[in-house]
Amino acid sequence: MSNSLPMTIPAPLTPAQRTQITNLVRRAARAEILPRFRTLGQAEIDQKSGPMDVVTAADKEAEKMIVRGLLAMFPNAHIVGEESMTEARIAELADAEMGFAIDPVDGTWNFAHGLATFGVILVMTRFGVPIFGLIYDPVTDEVLIADETSTAQVIAPRRPARSVSVSKGGPIEDLSGFASLYNLPEDKRPAMAALMTRFQRLYMLRCAAHEFRMMALGHVDFVLSFNLSPWDHAAGALIVQRAGGHVACLDGSEYRAQMREGYLLCASDAATWGRVRDAMSFLLDGE
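Residues numbered from 1 in each chain as written. Predicted model: local features only at pLDDT ≥ 70, side-chain atom pairs only at ≥ 80, totals over all residues. Heavy atoms only, no water.

Looking at an unreviewed UniProt entry, one finds the chain named Inositol monophosphatase and attributed to Marivita geojedonensis. According to its UniProt record, the chain has this under Sequence similarities (unreviewed entry): "Belongs to the inositol monophosphatase superfamily." UniProt annotates the chain under Cofactor (unreviewed entry) with the comment "Mg(2+)". (UniProt positions renumbered as here; feature names shortened; annotations may be inferred.)

**Student:** What's the story with the sheet that holds strand 13 (residues 246-249) in this structure? I'm lost.
**Tutor:** Backbone hydrogen bonds are what pair the strands of a sheet, in a parallel or an antiparallel way. Across the sheet, 5 strands lie side by side as 11-10-12-14-13; this open sheet has mixed pairing. If you trace the sheet from one side to the other, it starts and ends with strand 11 (201-203) and strand 13, each paired once. Sheet twist, expressed as the mean angle between neighbouring strand axes with direction ignored, is 15°. The sheet contact formed by strand 12 (residues 222-225) and strand 14 (residues 264-267) spans 4 bridges and is antiparallel. Bridge assignment links Ser225 to a residue of strand 14, and that residue is Leu264. Sitting on the sheet, helix 6 (residues 208-216) is in contact with strand 10 (176-178), strand 12 and strand 14, with an inclination near 150° to strand 12. (Pairing = 2+ DSSP bridges. Helix = DSSP H or I, 4+ residues; strand = E, 2+ residues; numbered from the N terminus. Axes fitted to C-alpha atoms, helices over the stretch in contact; angles between N-to-C directions. Contact = heavy atoms within 4.5 Å.)

**Student:** Looking at this structure, I do not really get the packing of aromatic side chains. What am I missing?
**Tutor:** Counted under the stated rule, the structure contains 7 aromatic pairs. Taking the centre distance of 5.4 Å and the plane angle of 35° together, the rings of Phe74 and Phe100 count as tilted. Placement of the pair is Phe74 in the loop between helix 2 (57-73) and strand 3 (78-81) and Phe100 in strand 4 (residues 99-106), with a sequence separation of 26 residues. A relative accessible area of 0% places Phe100 in the buried class. Pairing Phe178 with Tyr203 gives two aromatic rings, centres 5.7 Å apart and planes at 50°, and the pair type is tilted. With Phe178 in strand 10 and Tyr203 in strand 11, this pair connects stretches of sequence that are 25 residues apart. When its relative accessible area of 35% is taken as the criterion, Tyr203 is described as partly exposed. Counting every residue linked through ring pairs, the aromatic cluster contains Phe37, Phe111 and Phe118. (Phe/Tyr/Trp six-rings, centres within 6.5 Å; stacked < 30°, edge-to-face > 60°. Buried < 20%, exposed > 50% of the residue type's maximum accessible area, 1.4 Å probe, protein only.)

**Student:** Is there a simple way to explain the side chain of Lys188 in this structure?
**Tutor:** Structurally, Lys188 can be placed in the loop between strand 10 and helix 5 (189-195). Buried and without a salt bridge, Lys188 has Asp187 as its closest oppositely charged side chain, separated by 4.4 Å. A polar contact of 3.1 Å, which involves the side chain of Lys188, links it to the backbone oxygen of Phe282. A polar contact of 2.8 Å, which involves the side chain of Lys188, links it to the backbone oxygen of Asp285. What Lys188 contacts, discounting residues up to four positions off in sequence, is Tyr263, Phe282, Leu283 and Asp285. (Lys, Arg positive; Asp, Glu negative; His and termini not counted. Salt bridge = Lys/Arg side-chain N within 4 Å of Asp/Glu carboxyl O. Polar contact = N/O pair within 3.5 Å; in protein donor to acceptor, adjacent residues only side chain to side chain.)

Rendered as structure tokens:
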């Protein structure tokens, strides 16, 4: 969804543009997502890779609406939507001066089964680097938002925007975090299952939007992500970083939105990141 017109490197979004994008996401949720919540018929739910990986009419129609709105604001943008992506388009984020990635309904399995743990994720990138991120909870009408120059904020109805910050971290036995055991390669699952008892708590929400939200608000100390995708992880990585967290791939390399392999670890600070990385170093064995 891009063309060949020349484009300058985008400056940080203006407050008006941030508001426009936020309002676009809200409108899409109100028009295409919330009316279908807990009202979906079987004909509106399709499997993708299997019964745990589904897509609904809400995903498809919300993505179309958000893409149309973004192209009206940024006609030259390179846009990747989860429901219309190709691997080539994801890879092209690395060369795009202005890119966007959208997850119209993150946590689709939860949404399709009537659970309120779902959200909308949008990220803007510059040559693969996240520079603006938004996570929206349609149920509470709450937005987490950040860009490369400002502190992460939460914006809730009838309340002033406020800055958010990550937890203080600490030793392994005091840490809580997110890591989805069942999405790991099968040969890594036994070691991860054994590791779970070393932490205070290890959770799985099946929703990156709410996992990163909990991290940025300081309710957990780390998020480990794999099966990387720009629509699931790039916005959350930026928001956590701008909330004071430490973000890097498990092998120590810098994260970029176009990455599809490896592990992304977000933690409260560099020391906590290092402790979690050391505990999970077995994930890198054989890579």
